[in-house]
Amino acid sequence: MKVNVKQFALFGILTIVLALVNLWIIESNTILVFTYIVILAIFITIYLKKNKNDIDNRQVNTSDSTAAAHDEVAYAALAQLSAFLTQEIEVIDNELERTRGLVQDAVGGISTSFKSLQHLSTDQQRLIGIIIDNGNSIGDESGSTLASFVKDSSNTLEDFVKVIVSTSKQSLETMAFTDEMVNQFQSIFNLLAQVESLASQTNLLALNAAIEAARAGDAGRGFAVVANEVRALSVSSTELNQDIRNEISSAQEIIAKLRASVEIMASADMTSTLEAKDKVSSMMAHVGKANAQTGKVVDDMAQLVPQIVDTVGIGIRSLQFEDLTYQTLASLKSNIDAVHEISNELNAITEAGSGDLTTHLASFEEKCQKMIKQTKDDNHQRTVSQASMAEGEIDLF
Amino acid sequence: MTIQAITLADNKGLKISISERFDFSLHQQFRDSYLNYNDKGAEFTLDLSNTTYMDSSALGMILLLKDHADKLSGKLVISKPNDAINKILEIAQFHRLMPIEV
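### Considering the nonpolar core
One broad rule of soluble globular proteins: the nonpolar side chains tend to lie buried together. In this structure, Phe22(B), Phe30(B), Phe44(B), Leu46(B), Met54(B), Ile62(B) and Phe94(B) are the most contacted members of the largest nonpolar core, which totals 42 residues. Elements supplying a minimum of two residues to this core: α4 (146-215) and α5 (221-266) of chain A together with β2 (13-18), α1 (27-35), β4 (43-47), α2 (56-71), β6 (75-79) and α3 (83-91) of chain B. Here this core gets eight residues from one element, more than from any other, and that element is α2(B). For Ile62(B), the contacting residues outside a window of four places in its chain are Phe22(B), Phe30(B), Leu46(B), Met54(B), Leu76(B), Ile78(B), Leu89(B), Phe94(B) and Met98(B). Listed in part, the 37 residues of the second largest apolar core include Leu96(A), Tyr326(A), Leu346(A) and Met371(A).

### So, the sheet that holds β2(B)
Residue and element names in this part refer to chain B. Spatially, five strands are ordered β1-β2-β4-β6-β7 in an open sheet, and the strand pairing comes out mixed. Each of the sheet's edge strands pairs with one partner strand only, and the pair in question is β1 (3-7) and β7 (100-101). Alignment of β1 against β2, held across five bridges, turns out to be antiparallel. The partner of isoleucine 3 across the bridge, within β2, is isoleucine 18.

### A few points about the interface of chain B and chain A
The partner chain A presents 25 residues to the 21 residues of chain B that form the contact. Both sides of the chain B and chain A interface together cover about 1900 Å² of buried area, and 69% of this is carbon and sulfur. Taken as a group, Phe24(B), Ser56(B) and Ile91(B) account for 33% of the area that chain B buries against chain A, more than any other trio of residues on that side. Counting the contacts that link chain B with chain A gives three salt bridges. Among the elements that line the side of chain B that touches chain A, the one with the most residues is α2(B), at eight residues. Here the residues of the side of chain B that touches chain A sort into eleven nonpolar, six polar and four charged.

### Let's talk about unusual backbone geometry
Residues and elements named next belong to chain B. If you check the backbone angles, serine 73 has positive phi at about 55° while not being a glycine. If you trace the backbone, serine 73 turns up in the loop between α2 and β6. Residue serine 73 is classed as exposed on the basis of its relative accessible area of 56%. Not every positive phi belongs to a glycine, and glutamine 93 is a case in point at roughly 60°. Positionally, glutamine 93 belongs in the loop between α3 and β7.

### Topic: the side chain of Ser17(B)
By the secondary structure assignment, Ser17(B) is in strand β2. Polar side-chain contacts of Ser17(B) include one of 3.3 Å to the side chain of Asp47(B).

### A look at the pattern of salt bridges
Under the counting rule described, the total for this entry stands at 15 salt bridges over all chains. Notably, a salt bridge pairs Lys87(B) with Asp278(A), separated by 3.5 Å at the nearest N-O pair. With Lys87(B) in helix α3 and Asp278(A) in helix α6 (residues 271-318), the pair connects residues from two separate chains. Among the charged side chains, a network of salt bridges with common partners joins Asp93(A), Lys333(A) and Asp337(A).

### Overview of the packing of aromatic side chains
Considering all chains together, one arrives at three aromatic pairs over all chains under this definition. Judged by centre distance (5.7 Å) and plane angle (75°), the ring pair of Tyr37(B) and Phe44(B) falls under edge-to-face. Side by side, Tyr37(B) and Phe44(B) carry an identical accessibility label, which is buried. Chaining the aromatic ring pairs together yields one cluster made of Phe22(B), Phe30(B) and Tyr34(B). When the ring centre of Tyr326(A) is taken as origin, the NZ or CZ atom of Arg100(A), which lies over that ring, is 4.6 Å away. Arg21(B) extends its terminal NZ or CZ atom over the ring of Tyr53(B), reaching a point 4.2 Å from the ring centre.

### Things to note about α6(A)
For α6(A), built from 48 residues, the straight-helix expectation of 70 Å at 1.5 Å per residue is met to within 8% by its first-to-last C-alpha distance of 69 Å. Turning to α6(A), its buried residues number three or more, namely Thr273(A), Leu274(A), Lys277(A), Val280(A), Val287(A), Met301(A), Val312(A), Gly315(A) and Ile316(A).

What counts, and where the lines are drawn
Residues numbered from 1 in each chain as written. Chains lettered and ligands numbered in written order. Predicted model: local features only at pLDDT ≥ 70, side-chain atom pairs only at ≥ 80, totals over all residues. Heavy atoms only, no water. Core = buried A, V, L, I, M, F, W, Y, C linked by side-chain atoms within 4.5 Å. Buried < 20%, exposed > 50% of the residue type's maximum accessible area, 1.4 Å probe, protein only. Helix = DSSP H or I, 4+ residues; strand = E, 2+ residues; numbered from the N terminus. Contact = heavy atoms within 4.5 Å. Pairing = 2+ DSSP bridges. Buried area = accessible area lost by both parts, 1.4 Å probe. Salt bridge = Lys/Arg side-chain N within 4 Å of Asp/Glu carboxyl O. Nonpolar A, V, L, I, M, F, W, Y, C, P; charged D, E, K, R; others polar. Polar contact = N/O pair within 3.5 Å; in protein donor to acceptor, adjacent residues only side chain to side chain. Phe/Tyr/Trp six-rings, centres within 6.5 Å; stacked < 30°, edge-to-face > 60°. Lys NZ or Arg CZ within 6 Å of the ring centre and 35° of its normal. Expected span 1.5 Å × (residues − 1).

Written as structure tokens, this is what we have:
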């Protein structure tokens with residue numbers, strides 16, 4: 001009876017602890033779970049060994065009937081243990097499968113989103129390039145940029161100023177010639193005055209001649225005719241002089257008009273040109289600044305692209321955890337399989353339900369020791385092969 | 001007098017000063033101020049320190065003075081234009097044609 005109480009207490013503890021194991025598995029702390037399973041296996045083995053010793057001792061001291069009763073109780077306990085293990089293994093198996101599925105789905109989703117992130121970033125870069133190109137052009141067919149347009153405007157303005165200045169210069173030269181011409185007119189007027197004075201003297205002389213001819217009587221009659229003709233000529237000459245004077249006067253009026261129009265041609269107010277030049281200059285400065293800014297933005301963006309690629313790379317490399325998790329799950333699975341094998345072994349003993357329990361337990365103990373060694377080796381190998389995620393490169397999968 | 005022409009002491013040059021407006025109305029006066037100065041290698045100084053306004057005919061007059069100086073193998077220097085006047089001279093790119101002493 002003493003053994004039964006001990007067994008009962010032990011199973012109670014085991015049940016509680018296994019329930020805790022169940023909780024841990026759900027939290028996916030695989031190493032702890034595995035450690036616990038190993039401890040559990042050792043514990044069971046120790047217990048069974050002790051039990052076997054007890055049985056041995058009892059075989060010497062107790063009767064056969066008492067031994068048979070003890071065996072029956074032991075078989076029942078082992079059957080319970082086996083059933084419990086089978087149930088727990090099934091739960092753990094299912095949880096492992098579920099974890100695997102969850103990880104697979106999540107990794108698939110994350111991987112797809114990283115890939116589309118890469119594509120979107122490339123597209124974004126291209127679109128921004130188009131925007132910058134459009135911003136620079138002014139929409140004509142020769143593909144002029146705002147900068148070249150402003151430069152052209154500046155050149156045009158310079159040419160315009162050159163034309164104004166050279167027009168002014170030519171006009172002033174014209175003006176100088178005109179002034180000379182006006183001076184020439186003045187000399188002509190002086191000459192005309194002399195001619196007029198000659199005509200008037202001639203007129204006076206002709207008058208005197210006519211008077212003298214009249215005094216001479218009949219003898220001077222012919223001479224009087226000549227004198228009258230000379231006088232008439234002098235009058236015509238004076239009239240002709242006056243005509244010339246009038247013509248030259250109207251020429252002077254025309255020259256005054258010419259002066260006025262040359263003056264307009266020569267004197268262009270430069271204020272508006274100055275303003276235009278200022279505008280073009282400030283526009284040049286603005287375009288230069290805008291170009292510099294655009295250049296900087298383009299540079300910054302160009303630097304962003306490798307950063308995005310790096311970041312995506314880090315993300316993708318981090319997805320290695322899928323591989324590592326699969327490996328961990330696989331070894332967990334092999335551990336569970338080992339426990340399952342032990343459980344089967346236990347099952348075989350309980351199914352036999354009779355025979356020499358000591359022999360069964362001895363072979364069971366051997367099996368357990370082998371399993372412990374095997375899982376220990378496996379675990380060691382795995383710890384060596386599972387290095388950090390950060391180590392090594394991994395490509396897109 | 002808006003134009004003052006002073007023959008320099010050593011007789012090596014002519015200084016022409018323009019006060020206030022330098023425009024078309026001065027063209028005759030301006031021309032007369034230098035036309036009779038025909039020394040070889042003469043240096044003409046155009047003093048614009050008191051000039052407040054200048055139109056394109058002033059630029060034409062300066063170019064004609066420059067032609068006159070070139071004909072004598074002399075030179076023309078523009079002296080002390082104010083900011084506004086200097087801007088006009090710059091737009092006309094006169095600083096490429098003659099020294100401008102600010």
